[in-house]
Amino acid sequence: MESSGEIHTPVLAREIVQWLQPVSGKTYIDGTLGLGGHSGLILEASSPTGRVFGFEWDQDAACLAAARLSPFGDRFQLVQGSYAELLNLCYERGVEAIDGILVDLGVSSLQLDRPERGFSFMNDASLDMRMDTSSGVTAAQLVNTLPEQQLADILYNYGEERQARRIARFIIQARLEESLTSTGQLAQLVARAIPVKYHPKKIHVATKVFQALRVAVNREFDNLVQLLDDAPELLTTGARIAIISFHSLEDRIVKQAFKNNPAYQALTRKPVTATEQEINDNPRARSAKLRVAEKV
């Protein structure tokens, strides 16, 4: 297994520390621990007594992150679960006030780089896509059981895929002959379903379809809305919440919550984006958008 340090570069690292303003003696939540990159930065900046509770529902990532952050001792606490369960998981641990929250909505390299997780079409593997592999429905179950209209809605609403209806029709026809069980099967089907003249030049033709199914499998938009609704109950007055999103639909949810929830005061009029230098060093940062609000 690769070391966590070799396979993870946190996006917008400098900006997160600047906006979250971690200080010693305060308590922070990293709602998407991943491989621990952002948590490590927060722990360093809040030395010597700042604490971080790292939420992670992917067991592989949680184990790697816990090992990576072990030098910080009990200043770091691993919470195996989703940030959508923020309130319950904090109250269970006797935590009733938080001085800052960070959530990075990107899929980690650990998930993308492991074919058996089924997040990527780069290798042929089981069509899974679950962040928490111990529960929930898989992408294969969705594509093999949902009605055509519901499939089309998922592809359009969660992936902004303009050919959603056509792809859904192709999926229904294909599964009459055999179940769709692998990433390769689905990617090839999408390539056939979308006329060549509509194939995008810069991304794989199945990118939006895979994104949409991942969002549906993991209830990502529902979880984000839940987090944004619940966070003010834990945040102390003046505490900040920072959300990094990677596509327009997520960014819109965050923007609207910061605008419409009276508990928040948005601090970023426009999203903060990566510098050219960071994009050169870490191409994944290109689509990252950071929005920050303060609890009022």
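Just so we're clear, the structure is a prediction, and the values are computed from it rather than from any experiment.

Thresholds applied
- Residues numbered from 1 in each chain as written.
- Predicted model: local features only at pLDDT ≥ 70, side-chain atom pairs only at ≥ 80, totals over all residues.
- Heavy atoms only, no water.
- Helix = DSSP H or I, 4+ residues; strand = E, 2+ residues; numbered from the N terminus.
- Polar contact = N/O pair within 3.5 Å; in protein donor to acceptor, adjacent residues only side chain to side chain.
- Contact = heavy atoms within 4.5 Å.
- Core = buried A, V, L, I, M, F, W, Y, C linked by side-chain atoms within 4.5 Å.
- Buried < 20%, exposed > 50% of the residue type's maximum accessible area, 1.4 Å probe, protein only.
- Axes fitted to C-alpha atoms, helices over the stretch in contact; angles between N-to-C directions.
- Parallel < 35°, antiparallel > 145°, perpendicular 65-115°, else oblique.
- Left-handed = near helix turned anticlockwise from the far one by under 90°.
- pLDDT = per-residue confidence, 0-100.
- Salt bridge = Lys/Arg side-chain N within 4 Å of Asp/Glu carboxyl O.

Brief notes about the side chain of R240
Relative to the assigned elements, R240 resides in strand β5 (residues 235-245). Separated by 2.8 Å, the side chain of R240 and the backbone oxygen of W19 make a polar contact. Residues within four places of R240 in sequence aside, it is in contact with Q18, W19, L20, Q21, D99, G100, I101, L235, L267, V292, A293 and E294.

Quick notes on the nonpolar core
Note that soluble globular proteins tend to have their nonpolar side chains buried in a common cluster. Membership of the largest hydrophobic core comes to 33 residues, with the highest contact counts inside it found for L127, I167, I171, L186 and F210. Core analysis: the second largest hydrophobic core is formed by 28 residues, F53, V103, L227 and L234 among them.

Brief notes about the packing of helix α8 (residues 164-177) against helix α9 (residues 183-193)
One way to put it is that α8 packs onto α9 with a least axis distance of 9 Å and a crossing angle of 125°. By the criterion of interaxial angle, the relationship of α8 to α9 is oblique. As α8 runs across α9, the sense of the crossing is right-handed. Residue-level inspection shows R166, I167, F170, I171 and A174 of α8 in contact with α9, the latter providing L186, L189, V190, R192 and A193.

What about the confidence of the model for the protein?
Note that predicted coordinates carrying low pLDDT should not be read in detail. Looking at the protein as a whole, its pLDDT mean stands at 92, while 93% of the residues score no less than 70. Note on residues 1-7: pLDDT is under 50 here. Beyond four places in sequence and across chains, it has 12 contacts.

With respect to the pattern of salt bridges
Evaluation of the coordinates by the stated rule reveals nine salt bridges. A salt bridge links E15 to R14; the nearest nitrogen and oxygen atoms lie 3.3 Å apart. We note a salt bridge from R130 to D128, for which the minimum N-O separation is 2.8 Å. D128 matches R130 in its accessibility class, with the two residues each being buried.

Brief notes about unusual backbone geometry
Note: most peptide bonds trans; most residues except glycine with negative phi. In this model, S47 is joined to P48 through a cis peptide bond whose omega is 5°. Checked against the element boundaries, P48 lands in the loop between α2 (37-45) and β2 (51-55). One non-glycine residue, M129, adopts positive backbone phi at about 75°. Mapped onto the elements of the fold, M129 is located in the loop between α5 (109-112) and α6 (139-145). Phi at R219 takes a positive value of approximately 50°, unusual for a residue other than glycine. Looking at the secondary structure, you find R219 in the loop between α10 (207-218) and α11 (220-234).

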